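# Breakdown of the fold
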Amino acid sequence: AHADPRPTLCGSPGPDSPPPPHARARPPRMQIRSAFAAIALMSAIYGAPSSFRRLLASPVTRTATLPFPRREAALLHSLRRSGAASLAASAGRRRAAGVRRGLCARRAEEESADDTGSVIKGDNVLRVMSDNAEVSVLVADATELVQEAQTRHNLSITATVAMGRTLIGALLLASFKAEGDAVQIKFNGRGPLGDMLVIAGQDGFVKGRVSNTGLELEPKPDGSPDIATAIGKGALEVVRSNTNPYMPFYQPYTGVVPIQTGEVAEDIAYYLAASEQTSSAIGLGVVVNKDGTVMKAGGWHIQVLPMASEETLTNLEANIQGLGSTTTLLAQGTPTIDIARLLLLGLADVKSATFSMVPKYGPCEDLDLEERMKRAISAMGQEEVDKILDENGGIVEISCDFCRVTKRYDKTQVDEMFLAAAAPEASKD
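Residues numbered from 1 in each chain as written. Predicted model: local features only at pLDDT ≥ 70, side-chain atom pairs only at ≥ 80, totals over all residues. Heavy atoms only, no water.

### A word on the overall build of the chain
Of the regular secondary structure elements, the chain holds 12 helices and 16 strands. Residues counted as buried form 50% of the 429 residues belonging to the chain. Counting only contacts in the chain whose residues sit at least 6 apart along the sequence, the fraction spanning at least 24 positions is 68%. (Helix = DSSP H or I, 4+ residues; strand = E, 2+ residues; numbered from the N terminus. Buried < 20%, exposed > 50% of the residue type's maximum accessible area, 1.4 Å probe, protein only. Contact = heavy atoms within 4.5 Å.)

Structure (structure tokens):
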């Protein structure tokens, strides 16, 4: 339940620092019980460059020993750790190490020169494009968002990590889209966690619910939470919709794919390739403290345009392989802008984000909840609500599954709701 015992990103090894990973006989047991960062790179065969088509034909690698102090689950659908790919990953790690040193120096200069520089504190979502406009990168720090979700739903550690990953994944898919765009992700798993539903909007609001909020499973041998067992086999359903009244022609799009691993990131990446035919990579991570609170949560999403060059893809593959653990980077305090720089190393000179915003859980403001609950009661009809009033001593109680807020209304308030709902109809007549 502690951060990586090695020195931080900007630190230097001390006399008591453990040896580097390659000098150990085997990776030590991960001390962060609920740390996990999944990396999944997916690509559609048709319309993809020849290198991606060739890599897609290779066997799927489900686990990979990555350059940080534990063995992390990874589903690399379009990367193969052999031959040139291994050399590219090694080169990517060397370049990333050099860039990390440069980023530390740059960050120190920015903080000393101007406290309002490109380093954004707190939750934020950034979008950056490559110089050749072939790659779009979104990076999110959603620590406070996931913590609020855990507090509202009283989630266990296992449920926190599962729902946290899904919240961040939906946030990354929905952010910076057209006005009114929304993404709904639902895991219909047969595991003990039950169904899990998350809804995110283009404005940065995201909310979710899960059936078994108190589920706690034994961690895997490496110390990470067993999310795959919690979710289980089943189906992943993703709905893209738009509520903008000026776009009445927009019809919701629903895609359903089998759950591949239950680790969330791999499943979302598989959906993007199988249902939307987009070449993309996604990494999600949630770190939980000993007391169950959220230490860090975040992720990144890369989308590659169909006509991306071979050089761009080769560079991007090396950057992803050399990035390391998303949770480790977050736990070390690496800002989102620095993660974007690492992902676009050699593809863009990232000085600032093209777009940025602050994600929030909800909307769960009191006024918004009040309006939604009144509409829900009015939609039930006067006769049905009167029955509930008679059965519950003159009180109607209504709860929001996403915000976990319950409100109570008496008969006088209910009658006022129906009068207000009938007023617009009477004016039309």
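### Some remarks on helix α3 (residues 143-153)
Turning to α3, its buried residues are Thr143, Leu145, Val146, Ala149, Gln150 and His153. Where the residues of α3 are buried, they touch β5 (135-141), α4 (157-174), β8 (205-210), β12 (294-304) and β14 (360-361). Asn154 lies just past α3 and shows a positive phi near 55°.

### Looking at helix α9 (residues 336-343)
Of all 8 residues that make up α9, 8 are buried, and the element is covered over most of its length. Within α9 the residues assigned to the buried category are Thr336, Ile337, Asp338, Ile339, Ala340, Arg341, Leu342 and Leu343.

### What about the pairing of β8?
Where strand β7 (residues 196-201) meets β8, 5 bridges bridge the pair, whose relative direction is antiparallel. Bridge assignment links Met196 to a residue of β8, and that residue is Val210. Sheet analysis places β8 next to β14, joined by 2 bridges and oriented parallel. Note on β14: the bridge partner recorded for Phe205 is Lys360. (Pairing = 2+ DSSP bridges.)

### Some words on the state of the cysteines
A full pass over the atoms with the stated rule returns 1 disulfide. Here Cys400 is not disulfide-linked; the sulfur of Cys403 is the nearest cysteine sulfur, at 3.7 Å. (Disulfide = S-S within 2.5 Å.)

### Some remarks on the pattern of salt bridges
For the structure on display, the rule yields 13 salt bridges. One salt bridge in this structure joins Lys296 and Asp141, with 2.9 Å as the shortest N-O distance. Taken together, the positions of Lys296 in strand β12 and Asp141 in strand β5 put the pair 155 residues apart, joining distant regions of the chain. Among the charged side chains, a network of salt bridges with common partners joins Arg165, Lys220 and Glu263. (Salt bridge = Lys/Arg side-chain N within 4 Å of Asp/Glu carboxyl O.)

### Some points on the packing of α3 against α4
Close contact between α3 and α4 brings their axes to 10 Å; oriented N to C, the two are set at 130°. With respect to each other, α3 and α4 are oriented oblique. The interaxial crossing formed by α3 with α4 has right-handed handedness. Facing Leu145, Val146, Ala149, Gln150 and His153 of α3, the residues of α4 in contact are Thr160, Met163, Gly164, Leu167 and Ile168. When grouped by side-chain class, the residues that make up the contact of α3 with α4 number 6 nonpolar, 4 polar and no charged. (Axes fitted to C-alpha atoms, helices over the stretch in contact; angles between N-to-C directions. Parallel < 35°, antiparallel > 145°, perpendicular 65-115°, else oblique. Left-handed = near helix turned anticlockwise from the far one by under 90°. Nonpolar A, V, L, I, M, F, W, Y, C, P; charged D, E, K, R; others polar.)

### Digging into unusual backbone geometry
Look at the link from Gly362 to Pro363: it is a cis peptide, with omega at 15°. Inspection of the secondary structure puts Pro363 in the loop between β14 and α10 (366-380). Unusually for a residue other than glycine, Val264 sits at a positive phi of about 75°. For Val264, the location among the structural elements is in the loop between β10 (253-258) and α6 (265-274).

### Notes on the sheet that holds strand β9 (residues 234-242)
Taken together, 6 strands build an open sheet; the order of strands is β10-β9-β6-β7-β8-β14 and the sheet is mixed. At either end of the open sheet lies a strand with only one pairing partner, and these are β10 and β14. Both strand β6 (residues 181-189) and β7 contribute to a ladder of 6 bridges, which runs antiparallel. Bridge pairing in β7 links Lys186 to Leu197. α4 contacts β6, β7, β8, β9 and β14 of the sheet and is inclined by roughly 30° relative to β7. Of the strands in this sheet, β6, β9 and β10 are in contact with α6, which crosses β10 at around 120°.

### Let's talk about the packing of aromatic side chains
According to the stated counting rule, one finds 1 aromatic pair in the structure shown. Ring plane angle 35° and centroid distance 6.0 Å describe the contact between Phe176 and Phe355, whose orientation is recorded as tilted. Of the two residues, Phe176 is situated in the loop between α4 and β6 and Phe355 in strand β13 (residues 355-357); the sequence distance between them amounts to 179 residues. Judged by its relative accessible area of 43%, Phe355 falls in the partly exposed class. (Phe/Tyr/Trp six-rings, centres within 6.5 Å; stacked < 30°, edge-to-face > 60°.)

### Observations concerning the side chain of Ser325
Tracing the sequence through the fold places Ser325 in the loop between α7 (310-323) and α8 (326-331). Among the residues examined, Ser325 registers a relative accessible area of 2% and is labelled buried. Polar side-chain contacts of Ser325 include one of 3.1 Å to the backbone nitrogen of Thr328. (Polar contact = N/O pair within 3.5 Å; in protein donor to acceptor, adjacent residues only side chain to side chain.)

### Topic: the side chain of Asn244
Its location among the elements puts Asn244 in the loop between β9 and β10. Look past the residues within four positions of Asn244 in its chain and what remains in contact with it is Glu179 and Gly180.

### A short note on the nonpolar core
Counting residues in hydrophobic clusters, the biggest one holds 67 residues, and the most contacted among them are Ile185 and Leu193. Looking at this core, the element that brings in the most residues is α4, giving 12 residues. When neighbours within four sequence positions are excluded, Leu193 is seen to be in contact with Ala159, Ala162, Val210, Ser211, Asn212, Leu215, Ala230 and Ile231. Val135, Ile320, Ala340 and Ala348 belong to the second largest nonpolar core, which has 25 residues in total. (Core = buried A, V, L, I, M, F, W, Y, C linked by side-chain atoms within 4.5 Å.)

### A closer look at the confidence of the model for the chain
On average, residues of the chain score 75 in pLDDT, and 70% of them reach the 70 mark or higher. Overall, residues 1-94 carries pLDDT values under 50, and its contacts beyond four positions in sequence, including any with other chains, amount to 205 contacts. Between residues 99-117, whose pLDDT stays under 50, and residues either more than four places distant or in other chains, the model counts 27 contacts. (pLDDT = per-residue confidence, 0-100.)

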